[in-house]
Amino acid sequence: MRSEEKMYELIMNIAKADDRVAAVYMNGSRTNPNASKDIFQDYDIVYVVRETKSFIEDKEWIHKFGKILYMQYPDESPDYPNDKKNHYGWLMQFEDGVRMDLTIQTISFAKEHIYDDKLCRILLDKEDILPAMPDATDRDYYVKKPTEAQFWACTNEFWWCSNNIAKGLWREEMPYVQDMTNFVVRKQLEKMLSWKVGIKTDFQVSVGKSAKYLYRWLEPDEYQGYLNTYFGGNIAEAWTAVLHMCDLFEQTAVYVGSRLGYPYNAAEGKAARGFLEQVQKLPKDAKNI
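Peer 1: Account for the packing of aromatic side chains, naming residues and giving values.
Peer 2: Overall, the coordinates contain 15 aromatic pairs when judged by the stated rule. Ring geometry for Trp61 and Phe65: centres 5.7 Å apart, planes at 70 degrees, overall edge-to-face. Neither Trp61 nor Phe65 differs from the other in exposure class; each is buried. Centre to centre, the rings of Trp61 and Trp90 are 5.5 Å apart; their planes meet at 85 degrees, and the pair counts as edge-to-face. Separated by 29 residues along the polypeptide, Trp61 in the loop between α2 (53-57) and β3 (68-72) and Trp90 in strand β4 (residues 87-94) bring together distant segments of the chain. The exposure class assigned to Trp61 is buried, which follows from its relative accessible area of 2%. With relative accessibility at 3%, the residue Trp90 sits in the buried group. A connected cluster of aromatic rings, assembled from ring pairs, spans Tyr47, Phe55, Trp61, Phe65, Tyr88 and Trp90. Lying over the aromatic face of Tyr213, Arg216 brings its terminal NZ or CZ to 3.8 Å of the ring centre.

This is how it looks when you write it as structure tokens:
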């Protein structure tokens, strides 16, 4: 696996030798001082170019970065809009384990959007075309203190959508249960746990994508309790995990609400939890709930 030093040298040498490239900047985890450092960190590189067409039409130039194991062209997907005239990307997994997400942007586009992500570090600027950038920071990703309305919406969404999990489990429709749990209900639990972390840190940290850094601030038993809310394809296992999720959510919501001065609707939680337990005991040939 190529070292970070070797990769930066390669990225810079290719840019310096190509007159079409005016500048280079980087963002992502490698510019984030608070991100965990490991062998899976990719290189999020942006080449600021005079035009994109010649890069897109040349199918070989990206092989200068190494032997590609497999890759993706996100701007070629028919399901998403693109603006190839101004930016284009290649996501490359190299044989030696290195991954690079390479984007080209026109000069005008880069000048307009470079401030969109504060995790930005300029590596090369041949003609001083880019504005001065402050030190890279993940401040934009810090947990934000919720308003009372946001707190209420989170609790309401969690408890209301638990209804969908209940009927999915009774029907034994596990794909639906997994989607509803992980993409709807769990997101509210993540949000509530993130707010708890925010309270404990004066809202000065980021919990990362998918709240992956929760373990840094939750107590070990609490974090393990969060992991216990995940389940596989077994219905009985899923019921146990979902009810545990309800316990963890309510405990956390009470904590967050009390610290922020927001009332928690305990009656709503009790009613929703009761409905879940009622459906859990419901016979498969039931004609009424």
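Peer 1: Any chance you could break down the packing of helix α4 (residues 148-171) against helix α8 (residues 266-280) for me, citing the residues and the numbers?
Peer 2: Across the interface, α4 lies against α8 with an axial gap of 9 Å and an inter-helix angle of 5 degrees. Our classification of the angle between α4 and α8 gives roughly parallel. Across the interface between the two elements, Thr155, Asn156, Trp159, Ser162, Asn163, Ala166 and Trp170 from α4 touch Glu268, Gly269, Ala272, Arg273, Phe275, Leu276 and Val279 from α8. Of the residues in the contact of α4 with α8, the class split is seven nonpolar, five polar and two charged.

Peer 1: I'd love a proper account of the packing of helix α6 (residues 220-227) against helix α7 (residues 235-260), names of residues and values included.
Peer 2: Their axes nearest at 9 Å, the elements α6 and α7 cross at an angle of 135 degrees. On the basis of the axis angle, α6 is oblique to α7. Both α6 and α7 take part in a crossing whose hand is left-handed. Facing α6, whose interface residues are Glu222, Gly225 and Tyr226, α7 presents His244, Leu248 and Thr252. Here the contact of α6 with α7 is composed, by residue class, of two nonpolar, three polar and one charged.

Calculation criteria
- Residues numbered from 1 in each chain as written.
- Predicted model: local features only at pLDDT ≥ 70, side-chain atom pairs only at ≥ 80, totals over all residues.
- Heavy atoms only, no water.
- Phe/Tyr/Trp six-rings, centres within 6.5 Å; stacked < 30°, edge-to-face > 60°.
- Buried < 20%, exposed > 50% of the residue type's maximum accessible area, 1.4 Å probe, protein only.
- Helix = DSSP H or I, 4+ residues; strand = E, 2+ residues; numbered from the N terminus.
- Lys NZ or Arg CZ within 6 Å of the ring centre and 35° of its normal.
- Axes fitted to C-alpha atoms, helices over the stretch in contact; angles between N-to-C directions.
- Parallel < 35°, antiparallel > 145°, perpendicular 65-115°, else oblique.
- Contact = heavy atoms within 4.5 Å.
- Nonpolar A, V, L, I, M, F, W, Y, C, P; charged D, E, K, R; others polar.
- Left-handed = near helix turned anticlockwise from the far one by under 90°.

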